[in-house]
Structures are given as structure tokens and as C-alpha cells.
Amino acid sequence: IKKMRFQWNWLYLSVLLINSVAAEIENKETLDTDVEVKDFDKQSQETNADTEKSFLEAVYQTPKPTGEVYFAETFDGGLTGWVLSKTKKEDTDDNIAKYDGQWEVEELKENPVPGDRGLVLKSVAKHHAISVMLTEPFVFDNKPLIVQYEVNFQEGIDCGGAYIKLLSSSDNLNLEYFFDKTPYTIMFGPDKCGEDYKLHFIFRHKNPKTGEYDEKHAKRPDVDLKKFYLDKKTHLYTLVLKPDDTFEMLIDQTVVSRGSLLEDMVPPVNPPKEIEDPSEKKPEDWDERPKIPDPNAVKPDDWDEDEPSKIEDPDAVKPEGWLDDEPQYIPDPNAKKPKDWDEEMDGEWEAPQIPNPKCEAAPGCGHWVRPMKNNPKYKGKWKAPLIDNPNYQGIWSPRKIPNPHYFEDTHPFEMTTVSAIGLELWSMTSDIYFDNFIICSEKEVADRWAADGWGLKKLVASANEPGMFSQLVTAAEDHPWLWVLYILTLALPIGLGVLFCWPTKKTDEDIGFKKTDVSKPIMKGELKQEREDLDDDEIEEEQENEDAIEDGKMNEIEAGEDDYEENEVADESQEEGDKSNKSGSEDEMKEADESTGSGDAFLKSVRKRRVRKD
């Protein structure tokens, strides 16, 4: 039974595999249609498809904000309002200090949506800076801040960033001079160099006592961010700042990090109330050693520090057949001096050395040396054992004093007003794609904006991805040995199906093993002969038993009929036995069939009494 279950499990698994491959092919054929975006759910942004043509063509419409926004940009109309920086980066070589990196507005390279364009960073190893004023400045009061935009590393990313800066509002803000030192309120977005994959959230906090600004960095997300940088897909980055001083960072509308502005920033927003006294120094006689060597310990007289750790094994014996006179390596007898060998320039030519073939069959060649073993007398350099330090005073630390710079900001959400957004980047990889910036306060507005832009890109990319069957073929082209695995995978369910579903003939041995035992009919003559062999007392007792059997005969026959219906093989065997008995008449055969059950029981009763009598 276990074997059959295992075989059927294999069969079911194989059928599921074939169905999945067929479903992928059918899905690919279904996706080769004209798609029109109609509606998106707030969370999943599912898009309905309309089949009209034989190829996938997305009907794109420029997204429009559905509520109050402080800034929205699709780049479908070009770089209207955007300002390129004309300044230079400070503390940098003049050759690369200028912000002369090139920007373009163009469609995606892969899986483009016709009519949907974005801002693309084009230059390699150059500084880029571009910015634009917000439609309305954002004031941090009682409304949340939501910043959202799309990024696609079309060529992957080697070293560079794709983060944005929300520039602080000021009277002297000039976007033509936007550079790395321009004051900003928030910096947010992906950044990568080497194998360090980051998602920045930095805000500049104003010290209420000094008026100076310090950068506060959010703790690193626990999520592996590598795939978002290397898959060459468009990803949606969202930052949500709430008036209750909490924040969330999302990628593709999935939270990757959340925390509190008061508890999850490095360094903390509020400094400690107490600090170590910087003027205090550790006393010279302060003893921090918990253990010291025992000053009363003496080296034992038998302690020999000169004993080596290894000595020759005196019990070792040179193996028999050791070739003392044969070197381990000999000159190659087949080597020949090169024709262009110049002994005056190259010196005397010598054949290269090869392992001595005679040493391969022998236990060894050359001078035999005894092997080394651990020296039982070796103890090493003597050291006094350690004891508790009676003068131990613990680890010294300076005393605490009130922090003169202490302050408490209970509401760090109230940051500096934002009036512009900018990208100030350096990259060693080109073709970084940005699109669909939005700054608002309502999550529903940001979700709808994402549905009309990023959601459509995601749909088109998913539709153009090859199905499982195509991916398997592509993988086999790179690794031909996979064809063997594919053939075995497809042949296995077919073989199992033929093996276990194909009808087979039952052998006589199987039938004989399965059929139940059938009682042999007993003739009246046999019963009469049995009765004549018994004593009169036994006959009377047997007659009483027979009467009792006759009373229950009908019930036994009814039960026997059900048993005969369930076992057709037994019926056929009995009929053949009845027909082969040519010596009896038809009436005797019929009477014998009717009395089979009672006769059998009666005969067993007679035999029991015989045994008892003996």
C-alpha cells in the first residue's frame, strides 16, 4: 500500500507540473493582447486588460493628482521649471568639480510605456545637480508629509545614488547655485557603493539652544535591498512622516523600515541629561586587574623549560623496501634540449626533474628519517598561576555631571519648511531613470498617483516577462545538461501513468490467493454413513443438535446469500464443482446444495464428539 501511495503521489506531482507548464503557455498567449488601464485598488493597484490586438500596447495617460499636492511631476512635458546647477562642488578637483552631468527626458529602455517619459541621468563619473521649486511650500504642522517617486537603475548600479533632497525654505535660495552644501531639510532615497546597499532617510535637526543643524540618520532597514538595485525594474520609493513623530519607508508599497524620530535616529535627537566629566582623569594607582600572578608561587625543580615540544620516535622502524640510494626526483630522460638554447647566454642546459618511477612502487626513496612525535617531557615556559587581585578596584570611569548642552525636543516633526526639491548626485553608472514625483499629505492621493504611473509600468513589465516555459528553454541554452533533467521530468509521469494505469491480466495464482474458502457439499449418503457409525446415545444427541441447526438454517442461508454475492469467484468455483460431480442426480445435487451449511455444521459437531469419546 505504501508503494502504491508513493507511486500515485509521483503521478499527481507530475500531472501538476505539466498543468503548470500549460498554464504558463496559455497565460503568455492571453497576455499578448491590447491592455487598457481602467482601475486600481488602493493597495494592490490591479489593472484590467482589454484584448484588441495581437501585441501588448499600453494606453497611457499622464497621471493627474486627485487631491491637494505640494508638488507633482511626470516629465511628460519636458523639464519645464527645472533648473540646472551652474556652480561647482567645493573641496574637489577642478576637473570634476563642475556640475556638468547631462540630463535627458526619455522613455524606459526596457518595457517602455508609449508616451510615458522620465528624467534620466546620462553621464558617468560626473556631478549632476538639478532642482525645481514646489508648487506650494510644505509646512510641518499637523499634516503628514508623503514623498514618493520612481527609480529604475536601467544599467544596474556600480557606485552612485538616486536620492532626492527637500531643500529648506530661505530668502537666499537660488537654484542655479544648488550644490552639496545647499541647506536641505530631508534627504531620502537609494544609494549604493561597492556591496553597501542603503536606503537613506536623513533630516537636519535644529538645535534649539545653539541654532545649529545636525544630521539625524534613520537606522538601516533589516530588509535585503540588493534586488532593488540589480533587477533593472522600476521601483516605487515612499517616505511617510507623521505628526506623531513616527516615520515609514516603503519600497513598492511595502514597508521596509519604520520607527520613531525620537528613538530610532542616529545620533539621537535629544542629547543625554548627564555626561562623563571630561576634566576627570583615572588615578595612576588605580588597579583594574581582576587576576594577578601568585607572587608566592615557585617553579618546580623538575620543570625543564629547555625540553623541545617534538622529538624523534625511537620506536619507528624503516619500512621494508625503502630505496635509500634512489633519489625522489630524476632528470626527464625523454626531455631534449631546445634547438634555440644558447649555452653562452642561457647557461648549461639541464633536463627538467620528474618523480622517480622506482619510488612509486616502493614505500619511499632517499635518506630515511625517523618521524617526529610529541615530547612527553615538554612543559613549556613556566608561569605563576593567577589568583584574585586583593587590590582590584574595578573598571574606572569618570563621574557623571549634568550635560551643559542638554535640551529636550519633544516634537522633532516640526522641521524647517520645505520649498524646493532637487537631485544632487554622483554616479559611476549611467541611465538612472526618475519619474512621477509627488509630495502630498494624503495616502489615498499618493496611492492613486502610483496606480496611474508605477502601476502601469509594473503591469507592462510583468506582461512582457517570459513565461516559465520560455525561461526553462533559455536556461537550457546556457546549461545544456538541463535538457536531460527536462526529459526525465516529462518522461517520468508518462512512464508512471503507463505502469500503474494500464490494465494487467490476473494470474491463476493471484485469483487463488484472493478467493475465499468454500464449503464442500455433503451428500445425504455420506451423512447417513456417519450416523450409522455412531452409538444410539450419540444419534439421539446428534438428532437434537440437527433439529437446532435446522431451526437456524434459514438465517444461515440468507447470510450465505450475501456472502456469495460479494464473492463471485467462489460461486463460479462451486458451480464448476457441482457440474463435475456426474455420479449424483440433479435432485441429489440440489438437496446437497441446500443442506451445505447445516451439513457442514453437523459434520463438525459429529467429529467433535468422536474426539471427546476417544
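Placed above this text is the structure.
Rules and cut-offs
- Residues numbered from 1 in each chain as written.
- Predicted model: local features only at pLDDT ≥ 70, side-chain atom pairs only at ≥ 80, totals over all residues.
- Heavy atoms only, no water.
- Core = buried A, V, L, I, M, F, W, Y, C linked by side-chain atoms within 4.5 Å.
- Buried < 20%, exposed > 50% of the residue type's maximum accessible area, 1.4 Å probe, protein only.
- Contact = heavy atoms within 4.5 Å.
- Helix = DSSP H or I, 4+ residues; strand = E, 2+ residues; numbered from the N terminus.
- Salt bridge = Lys/Arg side-chain N within 4 Å of Asp/Glu carboxyl O.
- Pairing = 2+ DSSP bridges.

Describing the nonpolar core
Within the largest apolar cluster, 63 residues are counted, with the highest numbers of intra-cluster contacts made by Ile186, Phe201, Leu241, Ile421 and Phe434. In contact with Leu241, other than residues within four places in its own chain, are Phe140, Pro144, Leu145, Ile186, Phe201, Thr246, Phe247, Leu261, Phe413 and Met415. Grouped together as the second largest cluster of nonpolar side chains are nine residues, Val240, Leu250, Ile438 and Cys440 included.

Some words on the side chain of Ser419
By the element assignment, Ser419 lies in strand 26 (residues 418-427). Residue Ser419 is classed as buried on the basis of its relative accessible area of 7%. Once residues within four sequence positions are removed from consideration, Ser419 is found in contact with Met133, Leu134, Pro137, Leu167, Ser168, Ser169 and Leu173.

Some remarks on the pattern of salt bridges
For the coordinates displayed, the defined rule picks out 30 salt bridges. Note that Lys457 is salt-bridged to Asp116, the shortest N-O span being 2.6 Å. Here the residue Lys457 occupies a position in helix 7 (residues 454-464), and Asp116 occupies one in the loop between strand 5 (103-106) and strand 6 (118-121), the gap between them amounting to 341 residues. Both residues of the pair, Lys457 and Asp116, count as buried. Here the salt bridges share partners, and the residues they tie into one network are Glu106, Lys109, Lys122, Glu155 and Asp431.

Looking at the pairing of strand 3 (residues 69-73)
Along strand 3, four of the five residues are buried, which leaves the element largely enclosed by surrounding structure. Of the strand pairs in this sheet, strand 3 and strand 27 (residues 432-440) are connected by four bridges, and their pairing is antiparallel. Bridge pairing links Ala72 to Ile438 in strand 27.

Topic: unusual backbone geometry
With an omega of -10°, the peptide bond between Val266 and Pro267 qualifies as cis. Counting through the fold element by element, Pro267 comes out in the loop between strand 17 (265-266) and strand 18 (274-276). Notably, Asn111 is not glycine yet its phi reads approximately 55°, a positive angle. Examined against the element boundaries, Asn111 turns out to sit in the loop between strand 5 and strand 6. In this structure Asn111 comes out as partly exposed when scored by relative accessible area, which is 27%. The phi dihedral of Gln253 falls on the positive side, at around 65°, and the residue is not glycine.

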